[in-house]
2 protein chains.
Amino acid sequence: MKEKGPLTTCIRQVLGGVSDAQLNKVKQYMKQFTAHSFADTATGAVLQDAVSSQGKMIRPRLVIMAGSFGKRYAEAEERLYKAAALIEMTHSASLIHDDIVDEAPLRRGKPSVQRRYGKSAAVYAGDFLMSRITYHLMQEGLMQSGMVLAKAVEAMCAGEITQALCRYRADVTLAEYLQNIYGKTVALFRAACRMGALESGCDESLIRRLENVGEALGYMFQMRDDLLDFLPVTEQIGKASHQDFREGIYTMPVLYACETPQGRKMLRPYMERSVQGCLTGQDIAEMERQVAALGGMERTWQAIREQQKKAERILADLPSHSASPQLLKLVRKLGCL
Amino acid sequence: MKEKGPLTTCIRQVLGGVSDAQLNKVKQYMKQFTAHSFADTATGAVLQDAVSSQGKMIRPRLVIMAGSFGKRYAEAEERLYKAAALIEMTHSASLIHDDIVDEAPLRRGKPSVQRRYGKSAAVYAGDFLMSRITYHLMQEGLMQSGMVLAKAVEAMCAGEITQALCRYRADVTLAEYLQNIYGKTVALFRAACRMGALESGCDESLIRRLENVGEALGYMFQMRDDLLDFLPVTEQIGKASHQDFREGIYTMPVLYACETPQGRKMLRPYMERSVQGCLTGQDIAEMERQVAALGGMERTWQAIREQQKKAERILADLPSHSASPQLLKLVRKLGCL
């Protein structure tokens with residue numbers, strides 16, 4: 001769920017299909033849903049801090065784009081903005097809890113809630129936000145979206161738990177990696193499309209196709225994020241160099257590089273040093289070079305392209321619609337560096 | 001939210017008014033609501049572990065007792081068991097997250113989720129459970145209960161956040177203490193009564209009175225818990241001696257003892273040593289002696305008695321009902337050592 005600077009910028013450009021006026025509506029609901037009787041208290045300060053730092057709002061945009069395919073779009077518009085606000089709040093809550101586990105000092109360029117207010121505030125600010133989301137899903141009568149969202153959060157938690165149990169395991173498989181990133185990123189992208197499609201009255205076949213587009217986008221997004229870690233540092237701004245590898249989270253480029261006995265043998269020493277926490281800068285550079293030489297980056301690109309083709313095939317079959325070119329543009333943007 | 005051995009035992013005896021058959025129904029729903037497709041996975045193991053360790057089920061019992069006052073009790077019975085299961089699951093989820101903050105090694109005599117599976121699993125197992133609760137509230141159509149429950153969780157989080165910000169503050173006030181324990185304990189007791197009363201069709205006046213009984217019981221429960229820390233160790237089994245004081249959480253007996261300038265002067269050195277983390281066993285014994293001499297224990301008992309009188313007054317005015325004597329018995333039990 002890490003978010004990189006350059007990727008954020010280009011996705012913002014590509015997602016121009018959702019208007020600023022629409023996004024402002026979403027932001028208004030976020031503000032309204034988090035305003036509360038604790039406004040002038042410490043709890044209020046922690047919360048405002050947590051939700052005011054906004055990212056690229058990709059999940060709300062997906063809700064709105066998928067929602068625009070529905071026959072009840074016009075009447076469902078406000079509901080879509082509310083659902084979009086609640087999925088973004090869910091994302092924010094998940095980031096607060098991720099930062100506890102990662103002990104991350106920064107989030108979106110600002111000190112994380114944990115760093116700023118302590119672990120206790122971070123645990124309970126995340127929980128507070130989740131219960132506020134539950135309350136408003138119920139109050140706004142967004143039951144169908146709420147059940148989709150709750151199931152996505154489950155998948156996110158399961159993905160994080162299994163990822164934690166995979167840490168520092170040199171024998172982690174590609175299937176396990178895919179399962180972990182499904183939870184980390186894909187589940188919520190998928191849920192965004194399903195929520196939008198459901199609320200605006202798409203039929204079940206269209207809902208499935210739109211959620212499959214969301215799923216492919218989610219995989220592309222996370223795989224691309226993991227691949228960006230392997231680009232030379234000079235091409236990346238604000239890049240945390242191989243934080244995942246240092247923390248024993250072996251991503252797709254490493255796992256592809258380890259598919260042959262030779263690859264495993266070459267990379268095993270670096271994995272062992274990540275366990276011991278004694279990786280040097282030179283180790284990292286050498287590991288990166290070997291992953292590239294063993295084809296790990298190239299094969300990750302191929303995997304991204306496969307998701308791209310899948311998404312393009314689904315989009316080609318969708319009813320002709322003003323949101324289709326925007327979704328296609330996003331898919332293509334994620335399919336090239 | 002700590003739970004003491006002897007208190008648990010006497011509350012179990014007193015709450016005999018709810019039958020084993022009814023509690024088994026609640027436990028069945030808890031099992032059903034936590035069963036899932038991750039059953040054979042690591043996530044499943046973490047979750048089963050978290051919900052299998054059951055306490056005295058005081059909150060489910062309050063849901064059922066309050067619910068029995070409603071005119072639609074017979075038809076609402078299954079809904080009450082479901083709501084009762086979901087409030088107990090909420091309590092379990094909160095305990096998992098509390099243990100992250102407290103870094104508690106044990107919970108209900110077993111290793112805490114955090115100790116057993118790590119911080120990451122504890123954060124996400126709690127979140128998983130919360131989203132499972134949200135899902136089932138929606139699927140079972142328990143909207144009114146769900147909104148009450150979500151608001152109670154908010155209050156719990158706010159209470160924990162403000163308690164964390166009160167830690168090690170020698171000038172913390174009784175008003176702040178009461179606000180903190182409202183969140184820690186009272187809010188969920190109150191919600192239990194409101195949920196039961198709502199689901200079984202009590203009118204608003206009766207709902208309010210029942211939730212006020214829940215509120216008084218919650219205050220009594222937490223104040224008594226805090227007072228038990230000040231009983232000589234020999235009277236208590238498994239007592240963590242002044243864990244709160246050591247961690248800079250100054251409870252009612254300490255705060256009453258600090259009400260006079262003389263009291264503040266006498267206790268200040270121990271508070272300072274709790275900040276520095278260098279309290280000796282002798283310090284603790286001396287602090288305890290001084291709190292008693294300054295009337296801190298006596299006045300805490302008075303505060304408990306005031307809540308008792310309040311609860312008894314409400315109960316005396318309630319419609320004559322088979323659950324009334326059980327509630328009165330519980331109130332009286334909490335009103336004496």
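Residues numbered from 1 in each chain as written. Chains lettered and ligands numbered in written order. Predicted model: local features only at pLDDT ≥ 70, side-chain atom pairs only at ≥ 80, totals over all residues. Heavy atoms only, no water.

What is the right way to look at the overall build of chain A in this model?
In terms of regular secondary structure, chain A is built from 16 helices and two strands. Relative to its 337 residues, chain A shows a buried fraction of 61%. Sequence-distant contacts, at least 24 apart, represent 78% of the contacts inside chain A between residues at least 6 apart. In the form shown here, chain A has an accessible surface area of approximately 13000 Å², with 51% of it arising from carbon and sulfur atoms. (Helix = DSSP H or I, 4+ residues; strand = E, 2+ residues; numbered from the N terminus. Buried < 20%, exposed > 50% of the residue type's maximum accessible area, 1.4 Å probe, protein only. Contact = heavy atoms within 4.5 Å. Areas by Shrake-Rupley, 256 points an atom, 1.4 Å probe, with all protein chains shown as cover.)

Please clarify how the nonpolar core should be interpreted in this entry.
Counting 217 residues, the largest nonpolar core has A:Leu210 and B:Leu210 as its most contacted members. The residues touching B:Leu210, leaving out its near neighbours within four places in the chain, are B:Ala66, B:Phe69, B:Cys193, B:Ala197, B:Cys202, B:Leu318 and B:Leu327. (Core = buried A, V, L, I, M, F, W, Y, C linked by side-chain atoms within 4.5 Å.)

Help me out: how do you make sense of the interface of chain A and chain B in this one?
How big an interface is tends to be reported as the loss of accessible area on association of its parts. Taken together, the 37 residues of chain A in the interface contact 37 residues of chain B. Our enumeration of links across chain A and chain B arrives at two salt bridges. Two residues, A:Arg132 and B:Glu154, come together in a salt bridge whose shortest N-O distance is 2.4 Å. Our count for the contact surface shared by chain A and chain B stands at seven residue pairs in polar contact (both at pLDDT 80 or more). Elements with a minimum of two residues in the side of chain A that touches chain B: α3 (42–52), α5 (73–102), α7 (119–139) and α8 (143–166) of chain A. No other element matches the 15 residues that α7(A) contributes to the side of chain A that touches chain B. Residue composition of the side of chain A that touches chain B, by class: 21 nonpolar, eight polar and eight charged. (Salt bridge = Lys/Arg side-chain N within 4 Å of Asp/Glu carboxyl O. Polar contact = N/O pair within 3.5 Å; in protein donor to acceptor, adjacent residues only side chain to side chain. Nonpolar A, V, L, I, M, F, W, Y, C, P; charged D, E, K, R; others polar.)

Can you help me understand the pattern of salt bridges in this one?
Here the idea is simple: oppositely charged side chains can pair when their charged atoms come close. Residues and elements named next belong to chain B. Within this structure, the stated rule accounts for 34 salt bridges over all chains. Between Arg-194 and Glu-204 there is a salt bridge, with the nearest N and O atoms lying 2.9 Å from each other. Of the two residues, Arg-194 is situated in helix α9 (residues 174–199) and Glu-204 in helix α10 (residues 204–228); the sequence distance between them amounts to ten residues. In this structure Arg-194 comes out as buried when scored by relative accessible area, which is 17%. Between Arg-289 and Glu-286 there is a salt bridge, with the nearest N and O atoms lying 3.0 Å from each other.

Could you clarify how one ought to interpret the packing of α7(A) against helix α8 (residues 143–166) of chain B in this entry?
Pairs of packed helices are described in terms of their axes, by the angle between the two and the distance that separates them. Interaxial distance between α7(A) and α8(B) falls to 8 Å at its minimum, and their mutual angle equals 160°. By the angle between their axes, α7(A) is roughly antiparallel relative to α8(B). Judged by the sense of rotation from one axis to the other, the crossing of α7(A) with α8(B) is left-handed. Every residue of α8(B) that contacts α7(A) at A:Ser120, A:Ala121, A:Tyr124, A:Ala125, A:Asp127, A:Phe128, A:Ser131, A:Arg132, A:Thr134, A:Tyr135, A:Met138 and A:Gln139 is listed here: B:Met143, B:Gly146, B:Met147, B:Ala150, B:Lys151, B:Val153, B:Glu154, B:Cys157, B:Ala158, B:Glu160, B:Ile161 and B:Ala164. Here the residues of the contact of α7(A) with α8(B) are counted per class, giving 14 nonpolar, five polar and five charged. (Axes fitted to C-alpha atoms, helices over the stretch in contact; angles between N-to-C directions. Parallel < 35°, antiparallel > 145°, perpendicular 65-115°, else oblique. Left-handed = near helix turned anticlockwise from the far one by under 90°.)

Can you help me understand the environment of B:Ser241 in this one?
Residue and element names in this part refer to chain B. Examined against the element boundaries, Ser-241 turns out to sit in the loop between α10 and α11 (243–246). With relative accessibility at 27%, the residue Ser-241 sits in the partly exposed group. Once the C-alpha coordinates of Ser-241 and Leu-231 are considered, the two residues, ten residues apart in sequence, prove to be 9.3 Å apart.

Whenever I open this one, unusual backbone geometry confuses me. Can you help?
Leaving glycine out, the prevailing phi sign among residues is negative, and the prevailing peptide bond configuration is trans. Despite not being glycine, A:Tyr168 has its phi angle at roughly 65°, a positive value. Structurally, A:Tyr168 is set in the loop between α8 and α9 (174–199).

Mind showing me how you'd approach the relation of the copies chain A and chain B here?
Think of it as a corkscrew move, a rotation about one axis and a shift along it, taking one chain copy to the other. Here chain A sits on chain B after a turn of 180° about the axis and a move of 0.0 Å along it, with an RMSD of 0.0 Å. Here the two chains are linked by the operation of a two-fold rotation axis. Closest to the rotation axis within chain A is the C-alpha of A:Thr134, separated from it by 3.2 Å. Both copies present the same face, since 100% of the interface residues in chain A are matched by interface residues at the equivalent positions in chain B. (Least-squares fit on C-alpha atoms with pLDDT ≥ 70 in both.)

Is there a simple way to explain the environment of A:Asp203 in this structure?
Residues and elements named next belong to chain A. Along the polypeptide, Asp-203 turns up in the loop between α9 and α10 (204–228). For Asp-203, a relative accessible area of 48% translates into the label partly exposed. Considered as a pair, Asp-203 and Lys-71 are 132 residues apart in the sequence and their alpha carbons are 9.1 Å apart.

Mind showing me how you'd approach helix α5 (residues 73–102) of chain B here?
One turn of an α-helix holds 3.6 residues; hence residues three or four places apart share an orientation. Residues and elements named next belong to chain B. The largest bend in α5 is about 35°, located at Arg-79. With 23 of 30 residues buried, α5 is to be regarded as a mostly interior element. Positioned one or two residues after α5, Glu-103 has a phi angle of 50°, which is positive. (Bend = angle between axes of the 7 residues up to and from the residue.)

I would appreciate a short explanation of the packing of aromatic side chains in the present structure.
The geometry of two aromatic rings is summed up by the distance between their centres and the angle between their planes. All names here are of chain B. Taken as a whole and assessed by the stated rule, the structure comprises eight aromatic pairs over all chains. Judged by centre distance (5.7 Å) and plane angle (25°), the ring pair of Tyr-29 and Phe-33 falls under stacked. Of this pair, Tyr-29 and Phe-33 both sit in helix α2 (residues 20–34), four residues apart, roughly one helical turn. Seen from their ring centres, Tyr-182 and Tyr-219 are 6.5 Å apart, and the 45° between their planes marks the pair as tilted. One end of the pair, Tyr-182, is in helix α9; the other, Tyr-219, is in helix α10, with 37 residues separating them in the sequence. (Phe/Tyr/Trp six-rings, centres within 6.5 Å; stacked < 30°, edge-to-face > 60°.)

What should I look at first to understand helix α2 (residues 20–34) of chain A in this one?
All names here are of chain A. Relative to the 21 Å expected for 15 residues at 1.5 Å per residue, α2 spans 21 Å between its end C-alpha atoms, a close match to the ideal helical length. Within α2, the full set of buried residues consists of Gln-22, Leu-23, Val-26, Tyr-29, Met-30, Phe-33 and Thr-34. The buried residues of α2 occupy one face: seen down the axis, they fall within an arc of 125°. Away from its buried face, by an angle of more than 90 degrees, α2 presents the exposed residues Asp-20, Ala-21, Gln-28 and Lys-31. (Expected span 1.5 Å × (residues − 1). Arc of directions from axis to C-beta.)

Got a minute to help me understand the environment of A:Gly248 in this structure?
All names here are of chain A. Secondary-structure assignment places Gly-248 in the loop between α11 (243–246) and α12 (252–257). Along the backbone, Gly-248 and Glu-272 are 24 residues apart, and their C-alpha atoms lie at a distance of 9.2 Å. Setting aside anything within four residues of it in sequence, one finds Gly-248 in contact with Cys-166, Arg-167, Tyr-168 and Ser-274.

It is not clear to me how the side chain of B:Gln163 should be interpreted in this structure. Could you clarify?
All names here are of chain B. Position of Gln-163 among the secondary structure elements: in helix α8. The class of Gln-163 is buried, set by a relative accessible area of 11%. Each residue touching Gln-163, except ones within four places of it in the same chain, is listed here: Asn-180, Lys-184 and Ile-249.

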